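Summary of the model geometry
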Amino acid sequence: MNERLFLAINHLSHHSPFLDALMVFCAQYIPFILIAFLAYLWILGKRAGRRAGFRAALGGGGALVLARIVGAFHYQALPSVLGQPLIMHAANNSFPSDHVSFSFGIAMSLLFSGSVILWPQAVLLAVVIAFARVFVGVHFPLDVLAGALVGTAAAFVVHLLKRPSDYIADWIYRIQEKIVSAVWHK
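Every value quoted in this text rests on a predicted model; they were computed, and no experiment measured them.

Cut-offs and rules
Residues numbered from 1 in each chain as written. Predicted model: local features only at pLDDT ≥ 70, side-chain atom pairs only at ≥ 80, totals over all residues. Heavy atoms only, no water. Core = buried A, V, L, I, M, F, W, Y, C linked by side-chain atoms within 4.5 Å. Buried < 20%, exposed > 50% of the residue type's maximum accessible area, 1.4 Å probe, protein only. Helix = DSSP H or I, 4+ residues; strand = E, 2+ residues; numbered from the N terminus. Contact = heavy atoms within 4.5 Å. Patch = residues over 30% accessible without salt bridge, like charges linked within 9 Å, V, L, I, M, F, W, Y side chains within 5 Å. Areas by Shrake-Rupley, 256 points an atom, 1.4 Å probe, with all protein chains shown as cover. Salt bridge = Lys/Arg side-chain N within 4 Å of Asp/Glu carboxyl O. Phe/Tyr/Trp six-rings, centres within 6.5 Å; stacked < 30°, edge-to-face > 60°. Lys NZ or Arg CZ within 6 Å of the ring centre and 35° of its normal.

**Side note on the nonpolar core**
One finds L34, V100, I106, L110 and V136 to be the most contacted residues of the largest nonpolar core, which totals 37 residues. Looking at this core, the elements that each hand over two or more residues are helix 1 (2–10), helix 2 (17–44), helix 3 (47–73), helix 4 (98–113), helix 5 (119–135) and helix 6 (141–160). Discounting residues that sit within four places of it in the chain, I106 has contacts with L34, L38, A56, G59 and G60.

The structure is reproduced here in C-alpha cells:
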C-alpha cells in the first residue's frame, strides 16, 4: 500500500516542468518560509507572538531530535529506486521525514498557541511540504505521515511545558533588548 501510494503520487512528476519546479521548491524551501514566520513573530510580534514563536522554534527543533530517535529504531531506505526522483537526497534513513517533522513541529506549535494568526498558513505549508516530499521522490507516504506525527508530538510536549518556555522566551527577549539598547546608545 505504501509503495503503491508513493508510485501514484510520484508518477505525477515529470509531466510538467512548472509543476516539477514548484514541487521541488516546496519540498526544499518552504521550511525557510516557516522560519521566516518565527522571525516575524519574534521581531514584530507582541509578547504573546514572541512566546508563540519561541515555542514553535522549540517544537521544530524538538521534532528534529525526536525524528532522529524514532529513525534509530526503524530504518527505511529511500524510495528513489522505485520512482523517478526530482532531487538528489543523501542515501540515509527516510523514516521519518526530517523536513515534515520540523515543519509540523512549528505548525502545530503555532496551532496549539491558538492566538497567533499564522497557524493556518503554517499548517497548510506543512501539509504541502509533506505532499511535495513524496511527489519529488524522496519519501514514502508513511515517512511523511510519521514525520507529521513526530512534529505534532514534539509540539504537544512543548505546549505542555508552556510556562517554562514562556519564561525562557521572556528572559531571552529582555537580554536582547539590553544588548540592542546598549548598541544603539554607543
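What follows continues from the structure just given.
**Observations regarding a nonpolar patch on the surface**
Taken together, Y167, I168, W171, I172, I175, I179 and V183 make up a surface patch of nonpolar side chains, about 680 Å² in accessible area. The topology assignment puts I172 in helix 7 (residues 162–184).

**Considerations on the packing of aromatic side chains**
Evaluation of the coordinates by the stated rule reveals 7 aromatic pairs. On the numbers, 5.8 Å between centres and 35° between planes, the contact of F25 with Y29 is tilted. Highlighted residues: F25 and Y29, both in helix 2, separated by 4 residues, approximately one helical turn. Judged by relative accessible area, F25 falls into the partly exposed class, the value being 40%. A relative accessible area of 41% means that Y29 is categorised as partly exposed. An aromatic cluster of three or more residues is present, and its members are F25, Y29 and F32. Above the face of the Y173 ring, R50 is positioned so that its terminal group lies 3.6 Å from the ring centre.

**Notes on the pattern of salt bridges**
In the structure shown here, the tally under the stated rule is 5 salt bridges. Between R51 and D166 there is a salt bridge, and its shortest N-O distance comes to 3.9 Å. Residue R51 is located in helix 3, and its partner D166 is located in helix 7; the two are separated by 115 residues in the primary sequence. On the accessibility criterion, R51 (21% relative accessible area) is partly exposed. The buried category is assigned to D166, whose relative accessible area is 6%. Between R55 and D166 there is a salt bridge whose closest N-O contact spans 2.3 Å. Note that R55 is positioned in helix 3 and D166 in helix 7, a separation of 111 residues in sequence.

Remember that the coordinates give geometry; whether it matters functionally is a separate question.
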